[in-house]
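# Remarks on the overall topology
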Amino acid sequence: MKALVYKEYAPNDNFGDILTVEEIPNPEPQPNEVLIQVKASALNYNDVWGMRGNPIPVELPHTSGSDAAGDVLAVGSEVTSIKVGDRVAVHANFACRVCEACTSGREYDCSKRMVWGFQTTPGSHAEQVCLPEVNVVKIPDSVSYEQAAAAAMNLLTAWHMLVGRAQIKPGQLVLIMGGRSGVGHLGIQIAKLYNCTVIATASPENAGLCKELGADYVVNHRDEGWVKEVRGICKEIAKQTGGAPGIDVSFDHIGETHFNAQLSLLKFGGTLVSCGATTGYDAKIDLRQIFFKGTNVLGSTQGTKAELEQGLYWMGQGKIKSAIGAEYTFDQAAEAYEQFLSGKGLFGKIIIKP
Ligand SMILES: [Zn+2]
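Residues numbered from 1 in each chain as written. Predicted model: local features only at pLDDT ≥ 70, side-chain atom pairs only at ≥ 80, totals over all residues. Heavy atoms only, no water.

### Regarding the overall build of the chain
When helices and strands are counted, the chain shows eleven helices and 17 strands. Its C-alpha radius of gyration of 20 Å places the chain within 12% of the 20 Å reference for a compact globule of 354 residues. In terms of principal-axis extent, the alpha carbons of the chain reach across some 65 × 45 × 35 Å. Once local pairs closer than 6 in sequence are excluded, the contacts in the chain between residues at least 24 apart make up 70%. Carbon and sulfur atoms make up 50% of the accessible area of the chain, which amounts to about 15400 Å² in all. (Helix = DSSP H or I, 4+ residues; strand = E, 2+ residues; numbered from the N terminus. Rg over C-alpha atoms; globule rule 2.2 N^0.38 Å. Contact = heavy atoms within 4.5 Å. Areas by Shrake-Rupley, 256 points an atom, 1.4 Å probe, with all protein chains shown as cover.)

### A few points about the packing of helix α2 (residues 45–52) against helix α11 (residues 333–342)
For the pair α2 and α11, the least separation of the axes is 11 Å and the interaxial angle reads 115°. Put simply, α2 runs roughly perpendicular to α11. Of the two possible hands of crossing, α2 and α11 adopt the one that is left-handed. Of the residues in α11, those in contact with Y45, D47, V48, M51 and R52 of α2 are Y337, F340 and L341. (Axes fitted to C-alpha atoms, helices over the stretch in contact; angles between N-to-C directions. Parallel < 35°, antiparallel > 145°, perpendicular 65-115°, else oblique. Left-handed = near helix turned anticlockwise from the far one by under 90°.)

### Remarks on helix α10 (residues 305–316)
Counted at 1.5 Å a residue, the expected span for α10 with its twelve residues is 16 Å, and the 16 Å between its end C-alpha atoms agrees. If you check which residues of α10 are buried, you get K305, E307, L308, G311, L312 and M315. Relative to the axis of α10, the buried residues are bounded by an arc of 160° and lie together on one face. The inward-facing, buried residues of α10 contact β5 (87–90), β9 (136–138) and α4 (145–165). Where α10 ends, the next residue or the one after it, G318, has phi of about 80°, a positive value. (Expected span 1.5 Å × (residues − 1). Buried < 20%, exposed > 50% of the residue type's maximum accessible area, 1.4 Å probe, protein only. Arc of directions from axis to C-beta.)

### Some remarks on the nonpolar core
The biggest cluster of nonpolar side chains holds 47 residues, and the ones touching the most others in it are L155, L162, V174, I188 and I190. At the level of secondary structure, the elements contributing two or more residues to this core comprise β3 (33–42), α4, β10 (173–176), α5 (182–193), β11 (197–201), β13 (247–252) and α10. Considering every element that reaches this core, the biggest residue donor is α4, with twelve residues. Grouped together as the second largest cluster of nonpolar side chains are 38 residues, L19, V72, V136 and M153 included. (Core = buried A, V, L, I, M, F, W, Y, C linked by side-chain atoms within 4.5 Å.)

### Considering the environment of E107
Note that E107 resides in the loop between α3 (100–103) and β7 (114–115). By relative accessible area, E107 is classed as buried at 10%. A sequence separation of ten residues divides E107 from R97, and the C-alpha atoms of the two residues are 7.0 Å apart. Sequence-distant contacts of E107, defined by excluding residues within four places in its chain, comprise H91, N93, A95, R97, A101, C102, R113, G303, T304 and K305.

### Looking at α2
Within α2 the residues assigned to the buried category are N46, D47, V48, G50 and M51. Its buried side turned inward, α2 meets α1 (15–18), β3, β7, α4 and α11. Two residues or fewer past α2, G53 is found with a positive phi of approximately 70°.

### Observations concerning the coordination of the zinc ion
Coordination of the zinc ion by the protein comes from C96 (SG), C99 (SG), C102 (SG) and C110 (SG), over a distance range of 2.3 to 2.4 Å. Between the four donor atoms coordinating the zinc ion, the angles at the centre fall across 104 to 117°, so the site counts as tetrahedral. Donor residues binding the zinc ion come from one chain and are separated in sequence as C-x2-C-x2-C-x7-C. For C96, a relative accessible area of 24% puts it in the partly exposed group. (Donors = N, O, S within 2.8 Å, 3.2 Å for Na, K, Ca; no water. Tetrahedral: all angles 85-135°; square planar, octahedral: opposite > 155°, others 65-115°.)

### Side note on the domain arrangement of the chain
Examined at the domain level, the chain breaks down into domain 1 (2–138 + 323–353) and domain 2 (157–299). Put simply, the middle of domain 1 and the middle of domain 2, counted by C-alpha atoms, are 30 Å apart. Taken together, the six residues of domain 1 in the interface contact seven residues of domain 2. When the two sides are added together, the surface that domain 1 and domain 2 hide from each other amounts to roughly 580 Å², 69% of it contributed by carbon and sulfur. Ranking the residues of domain 1 by area buried against domain 2 places Y108, A323 and F347 at the top, with a combined share of 71%. Inspection of the region where domain 1 meets domain 2 yields zero salt bridges. Counting every contact that joins domain 1 to domain 2 gives two residue pairs in polar contact (both at pLDDT 80 or more). Classifying every residue of the side of domain 1 that touches domain 2 by side-chain character gives four nonpolar, two polar and no charged. (Domains from an automatic or database assignment. Buried area = accessible area lost by both parts, 1.4 Å probe. Salt bridge = Lys/Arg side-chain N within 4 Å of Asp/Glu carboxyl O. Polar contact = N/O pair within 3.5 Å; in protein donor to acceptor, adjacent residues only side chain to side chain. Nonpolar A, V, L, I, M, F, W, Y, C, P; charged D, E, K, R; others polar.)

Structural data, given as structure tokens:
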């Protein structure tokens, strides 16, 4: 079968020099595994980390890809919940399933956790993949392969942040940082599904797209006055509701440059939930924003298989959709990653197919 392969790292992001389309052996399912014909997969930042060999020197040769959707071609003898012909997507969180965290329902906290297609190979950038039954979820009929592949990692992350960790409630005011991003555009829709009021941050050219997804207000967080603007919106909302002004839940993946400002915008007892730090890790924090205000600062990584199923259910109900920005073939992978890194003209996920 065809797969997108690299045999050395590209620390200078010269991915075109290392990526090749090759024939690799067809995978054979183990007794507990499901064989999937991949119809669509997507690009994620961990593919880039893999190719850079940093922060983790992944196994070489390597086939990346942590999002996949397709049809089940075969199942191992011990598989009971999935059958040949099912339309499925992948829960890319490989956990041990026996440790204290796993058996407490926190598979995302498993110390042996690995991300499929990043810390394991081959991942989804191949024509066929084998996965343990426990990592395979069915896709609702109304959700396309492309939608499911584009959603899986980001939907899981965004759902776990807002529903699993921050436990959003109807009527809350939610700040979605980077509303244009992979997790951000889903965060907007999840918060709206929960009847929250949403302030999203985005550049002016993406403001309309965020509003289309349901954002009630859009602010440009690259604008110096953005904190003041959000504070103004909070005051306006508080006047209508009679409550205290401020953000209930801030959804962050930006990190360093905007972390303390988010803390300053939270209400007393508010929550900041973070799944990443794209601008850097070294945030300067005024700790009074945490202890004096009783702030909850929550970390979040991936999520449970059940959470992915919940998110996909709501996609099937038409309440959440993935933004798909571009589609490429394996042969065009270098171009795909170039657009992925530059973000030029891109709103949503990049799909890649054989
Ligand atoms: Zn475990």
